[in-house]
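One-letter residues, chain by chain:
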Amino acid sequence: MDYLVQTDKFHKVILRKYSLRKIIPQDQTIRNLLCYYLSLACQKYPKNDIFEYVQNKAYDLRYDVAVSTIGSYSVLKYTLQGVDPKYINDEEYSYSFLEEFFYDCQKPVIINNNFDLKLFKKAKEIYRSNLLYLSENESKKSFNLAIKTYFKGTIRDFDNDGDLSTLKKISCKMLYKYYLSIINDEEVSYVVGDVLNHLSIENKATLTAKYDYFFKDRNKVSPLIIDNAQTKQCYLQIIYDVNIYPNQRLFYAVEIINYIFGGSSNSKLFDIVREKNGLCYNIGSIHFGSSAIMIVSAIIDKKNLDKAILKIDEAFNNLLIDIDLDQIKKYLLLERKGRKDYLIAYLNDDFMVRYFKDNMTPQQDIQIISSITMDDLKLALSKIKKALVYVYGGDKND
């Protein structure tokens, strides 16, 4: 392990390896497929005695490989979680066993300089089924289309989940070659839990500190795009360009603005658009810090489109009227402090502080949120501009 994060607050241990590279938009599907394969491949462990031991005796032991993004970096996360051996009366189930098994899990099944074809087909079919399920979610589809439209031609022009047309073209050999191309990517490994004096730390991390990883490029788009998809309900996505990033103090003012606007159950959007005017089935907003955008998502009847947009504008223009800033800050601060109740938060916080230098530390988060004033909110609000109204569907009759 490269780093140890010591805490005796939990009954579990987490071992994780991060492997990073700059995002290549067209690689998103094959990276997702690789995660499916690697998660399956480790289950076909070549030593049957170890495999059976893990299946029958290991205590809530779970291994997973997933892909995510941190700004403009694509991150593969290899994670093993299990009950802390100190709670188990079993000599075979030890800290060293967990470490050895974690490294073994990362070695995929390879046959004749290729991935195992049966496992590949299984991984591809599971991934395909998940993509088919997602493709039927019109709300998510409209959300992704709005983002892709706004960032078309930039490094942010990709779908996190990948796509079916690209998946269909990927062969077993292509996936194996892609795996070979990433095995020397920058990486770092962690162990988190009550592991002091149980595991040795030998820092061989190749990962270097990252700067300037925010999405600052935008596509030049029409302010209104209507996609006449054949759906019964109309899905409205409104993108606001914030132009304030996580390394700026006003970023936390935007966090509060989003909470007031549509990020809570008693938000301005919910109150004005849904409760008082009944113009939507559902509405809310999300703030994407690394992209410096805020997105309002609503499900409406298309006949109410113009009225809904007017009332969303009304909610935005009256955002700071009749709010209790101290209570909102108290809630957000408790949310931050509550992270210490989750084991994974210890890992994520250390990783982000150590390697992603343009983000504030958790301590700075708390200090800055506490200091935000109404003047900060007004200044941040003045910088937020409506950039794109994306209307999807709503023309299909019963």
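As shown above, the structure is provided for reference.
Residues numbered from 1 in each chain as written. Predicted model: local features only at pLDDT ≥ 70, side-chain atom pairs only at ≥ 80, totals over all residues. Heavy atoms only, no water.

### What to know about the pattern of salt bridges
To be explicit about the condition: Take a side-chain nitrogen of Lys or Arg and a carboxyl oxygen of Asp or Glu: if they are within 4 Å of each other, that pair is a salt bridge. Per the convention used, a helix needs a DSSP run of H or I reaching at least four residues, while a strand needs a run of E reaching at least two, with both numbered from the N terminus. Remark: exposure states derive from per-residue accessible area (1.4 Å probe, protein chains only) relative to the maximum for the residue type, with buried under 20%, exposed over 50%, and partly exposed in between.
For the structure on display, the rule yields 22 salt bridges. A salt bridge links Arg 249 to Asp 376; the nearest nitrogen and oxygen atoms lie 2.9 Å apart. Highlighted residues: Arg 249 in the loop between β7 (234-241) and α8 (251-261) and Asp 376 in helix α14 (residues 374-383), separated in sequence by 127 residues. Arg 274 serves as the salt-bridge partner of Glu 275, at 3.2 Å between the closest nitrogen and oxygen. Residue Arg 274 is classed as partly exposed on the basis of its relative accessible area of 30%. Ionic contacts of the salt-bridge type, sharing partners, join the residues Glu 255, Arg 336 and Asp 365 into one network.

### Regarding the sheet that holds strand β6 (residues 224-227)
As a general point, the strands of a sheet are linked pairwise by backbone hydrogen bonds and lie either parallel or antiparallel. As a reminder of what qualifies: In this analysis, strands are considered paired if DSSP registers two or more bridges between them. Only the contacting stretch of a helix is used when fitting its axis, a line to C-alpha atoms as for every element, and angles between N-to-C directions run 0 to 180 degrees. Residue contacts follow a heavy-atom distance rule, with two residues in contact if any of their heavy atoms lie within 4.5 Å.
Taken in spatial order, the five strands of this open sheet run β6-β10-β7-β9-β8, and their pairing is mixed. The sheet is open, and its two borders are formed by β6 and β8 (282-288), each paired with just one other strand. On average, each strand axis in the sheet is inclined to that of its neighbour by 15°, with strand direction left out of account. Relative to strand β10 (residues 385-393), β6 runs parallel, the two sharing four bridges. Bridged to Asp 227 within β10 is Tyr 392. Where α8 meets the sheet, its contacts fall on β7, β8 and β9 (293-300), and the angle it forms with β8 comes to roughly 175°.

### A few points about the side chain of Lys 210
Spelled out, the test is: Definition of a polar contact: a pair of N or O atoms within 3.5 Å, with one able to donate and the other able to accept a hydrogen when the atoms are protein atoms, and with sequence-neighbouring residues admitted only if both atoms are side-chain atoms.
Inspection of the secondary structure assignment puts Lys 210 in the loop between β5 (186-193) and β6. A distance of 2.5 Å separates the side chain of Lys 210 from the side chain of Glu 186, its partner in a polar contact. Among the polar contacts listed, one links the side chain of Lys 210 to the side chain of Thr 208, at a separation of 3.1 Å. Residue contacts for Lys 210: discarding those within four places in its chain leaves Tyr 73, Glu 186, Tyr 355, Phe 356, Lys 357 and Asp 358.

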